[in-house]
Amino acid sequence: MAHFKPPNVAFTQMAGTGVFAELVGGDGEFKYYSDGEWKKSCSGKSVPIINPTTRETQFKVQACTKEEVNKVIDAAKTAQKSWAKTPLWKRAELLHKAAAILKEHRNPIAECLVKEIAKPAKDAVTEVVRSGDLVSYCAEEGVRILGEGKFLVSDSFPGNERTKYCLTSKIPLGVILAIPPFNYPVNLAVSKIGPALIAGNSLVLKPPTQGAVAALHMVHCFHLAGFPKGLISCVTGKGSEIGDFLTMHPGINCISFTGGDTGIAISKKAGMIPLQMELGGKDACIILEDADLDLAAANIVKGGFSYSGQRCTAVKVVLVMDSVADALVEKVKAKVVKLTVGPPEDDCDITPVVTESSANFIEGLVMDAKQKGATFCQEYKRAGNLIWPLLLDNVRPDMRIAWEEPFGPVLPVIRINSVEEGIHHCNASNFGLQGCVFTRDINKAILISDAMETGTVQINSAPARGPDHFPFQGLKDSGIGSQGITNSINMMTKIKTTVINLPTPSYTMG
Ligand code: NAP
C-alpha cells in the first residue's frame, strides 16, 4: 500500500500502521471486524476505494458475504444479552476509554478521511476530535437519562383508586444496524454507535465505501478500549450489494441510517422495527431587506462552500429580497474569489468532490442552469473531480438547481419580491431538513421560522447539525425521527413498565 506524506499537515502516525497494523492483510487489503477479530472475507473479493484527488485506487476493503453478515449478527445478538446486564457506569467507562483512544489516534484516522473523501486536512482532524467528544457526551448523557425512570400512580385516571404503582425504565432494543454516509464516515458512525452502546444495545456498522477505511480505524479504537467480542462489528462491501440483505435481516432490531434517497427505499423495505432516517436537504437561506448583509454573506459562503458543499446542512439555495440582492451578491462574490481550490492535503477550502459521477451530476445541474439563462458569477471550471466554486445568480424555479441537491460547490441565488415568496419556495421542496433567515427583526424571524416546513431554522446563522447534543431532524423526505445525543439514546431504547398491584388503596400521608 503506497503512503504519501501530505505536504502541509504532519500526520505523524500513518493509517494502517502501528496499533492499526492488524487491520491490514499481507496483500495490503483492509480486513473487516467480526466477533472481536480482524478477518479476511471468504468471498476472495475486495472493493476498491478511489482517492477523489488522484482518481486512483487508494485502499481496498473486503466484500463481505451474506454468511459473514449472518455470523456478525448472530454474534451481536449473543453479545448484547450480557452487555445489557453490564452496569451502566461500566458501559460509560468503556465509552470514555474509546473516546480517549479515538482522539489520541486522530491523525491516522484523519489521513484516511483526506485520502478517501478528500476532506480538507484540518477538517478531517476536527471530525475525529468531535467524534471522541460525542462518544464521551453519550456516556455522560446515558448515565443521566438511563439512570432515571418514572413512577406513576393509578388514581389520576378517572375511575381508579390508588391501587397501582407503575415503574417505568428504558430497555435496549437489541441489535442496531448503523449506516452512515461518505461525508462524515466517522462522526456519523459514532453518532449511532455511542447512543446504541450506552443504552445496552449491540451494533453492526456498514460504513460507506468511500470512508470505510477511516471507519475501520475508528472501530479499532473501540476494540483497543476492550469492548466485549461481537458487541460491535463492521462489515464492508458495496451498499448496493449487501445493503438489502442487512436492512431486511430478521436479526436487526433497529436501523439508524444517514444518507440520500437510499433511505427512502430502505424505509419501504425494512420490517416492523424502529427507523432513524437522516436524509438529504435543500436548505434555504432567506435574506430580508433589514439583514446584516456582511453577516449573511459570511454565512452563505461558509454554509454553502465548506467541504465543497458536500454537507447535508449546506446552504443549498439563497432566497434574497430583490432590493438587497445586488449588494448581497457582490459581497458573496468577493468572498468566493478568496476560497482556495486544490488538494485536501493542502487544506484547501474547495477540494475534489467524492466521485466522478458526483462531479458529472453537479455539472449536469450547472449546464441546465446555463441553458435556461442563469447568471454565472464566476466562470465554470472543472478538472477531474475538482469543481471551482460557483455562484449562480438569477436562478428561476424552472431550473433543476432550484430544487435538486448538488452536493458540490455550486450555489444558486433566487431573487424574491416578498417573504411569502421565499417561504413558498422553501415549503414547495420535497426536503425539509434545515433553513435559515437573516433579519434584525426577531419577531419577523420567529414568524418565518414557524412558517418554514423544516426540522430546524437557524436565525442569523447558516444551517448546522451541531453541537451534537442539539436535536436534529428533517421533515418530509429529509427524514424520520430525531437525532442528537439525547434523542438517539431515547430512540434506541423501549419503555418497559412494571405495575405493582395493591390489594387495597394506599395514599401517602403528609
Ligand atoms: P447514499 O448514497 O444514500 O449512501 C449512504 C449509505 O448507504 C452508504 O453507506 C452506502 O454504502 C449505503 N447504501 C447504499 N445502498 C444501500 C442499500 N441498498 N442498502 C443499505 N445501504 C445502502 O448517500 P451518500 O452519497 O453517502 O451521502 C450523501 C447524502 O447523504 C446526501 O443526500 C446528504 O444530504 C445526505 N446526508 C444527510 C445527513 C443528515 O443527517 N440528514 C447527513 C449527511 C449526509 P456505499 O457507500 O457502499 O454505497
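If you're wondering where the values come from, they're calculated on a predicted model, not measured in any experiment.

Moving on, we get to the overall build of the protein chain. When its secondary structure is counted, the protein chain shows 14 helices and 26 strands. A compact globule built from 510 residues should have a C-alpha radius of gyration of about 24 Å, and the protein chain, at 24 Å, falls within 12% of that. Seen through its C-alpha atoms, the protein chain measures out along the principal axes to roughly 75 × 65 × 40 Å. Among the 510 residues that make up the protein chain, the fraction classed as buried is 57%. Long-range pairs, those at least 24 residues apart, make up 71% of the contacts in the protein chain with a sequence separation of at least 6. Summed over its atoms, the accessible surface of the protein chain is roughly 20500 Å², and 54% of this surface lies on carbon and sulfur atoms. Side chains of the protein chain carry 53 positive and 52 negative charges; the gap between the two charge centres is 6 Å.

Let's shift gears to the site of the ligand. Every one of the 32 residues lining the ligand counts as a neighbour, but Thr 209, Gly 260, Thr 262, Leu 279 and Glu 405 are closest to it. When the ligand is considered free in solution it has 910 Å² of accessible area, and contact with the protein chains removes 84% of it. Listing elements by their share of the shell around the ligand, those giving two or more residues are helix H7 (239-247), strand E10 (254-258) and helix H8 (262-269). The element that contributes the greatest number of residues to the shell around the ligand is H7, accounting for five residues. When the residues that make up the shell around the ligand are grouped by side-chain class, the tally is 14 nonpolar, 13 polar and five charged.

The tally for this structure, following the rule as stated, stands at 22 salt bridges. Residue Lys 40 pairs with Glu 29 through a salt bridge whose shortest N-O separation is 3.0 Å. On the criterion of sequence distance, the pair formed by Lys 40 in the loop between strand E2 (37-39) and strand E3 (46-50) and Glu 29 in the segment before strand E1 (32-34) is long-range, its members being eleven residues apart. Salt-bridge contacts for Lys 476 lead to Glu 453; the nearest nitrogen and oxygen are separated by 3.4 Å. Here Lys 476 is found in strand E23 (residues 475-476), whereas its partner Glu 453 is found in the loop between helix H13 (442-451) and strand E21 (456-459), with 23 residues between them in sequence.

Moving on: the UniProt feature "domain: Aldehyde dehydrogenase" (unreviewed entry) in the protein chain. According to UniProt, the feature "domain: Aldehyde dehydrogenase" (unreviewed entry) maps to residues 38-497 in the numbering used here. Each end of residues 38-497 is marked by a C-alpha atom, and these two atoms are 40 Å apart; helix forms 40% of the span and strand 21%.

Turning our attention to the state of the cysteines. Applying the stated criterion across every chain yields a total of zero disulfides. In this structure Cys 42 is a free cysteine whose sulfur lies 9.4 Å from that of Cys 64, the closest cysteine sulfur available. The exposed category is assigned to Cys 42, whose relative accessible area is 72%. There is no disulfide at Cys 377, and the cysteine sulfur nearest it, in Cys 285, is 15 Å away.

Basis of the calculations
Residues numbered from 1 in each chain as written. Predicted model: local features only at pLDDT ≥ 70, side-chain atom pairs only at ≥ 80, totals over all residues. Heavy atoms only, no water. Helix = DSSP H or I, 4+ residues; strand = E, 2+ residues; numbered from the N terminus. Rg over C-alpha atoms; globule rule 2.2 N^0.38 Å. Buried < 20%, exposed > 50% of the residue type's maximum accessible area, 1.4 Å probe, protein only. Contact = heavy atoms within 4.5 Å. Areas by Shrake-Rupley, 256 points an atom, 1.4 Å probe, with all protein chains shown as cover. Lys, Arg positive; Asp, Glu negative; His and termini not counted. Charge placed at Lys NZ, Arg CZ, Asp CG, Glu CD. Near = heavy atom within 4 Å. Nonpolar A, V, L, I, M, F, W, Y, C, P; charged D, E, K, R; others polar. Salt bridge = Lys/Arg side-chain N within 4 Å of Asp/Glu carboxyl O. UniProt positions renumbered as here; feature names shortened; annotations may be inferred. Disulfide = S-S within 2.5 Å.

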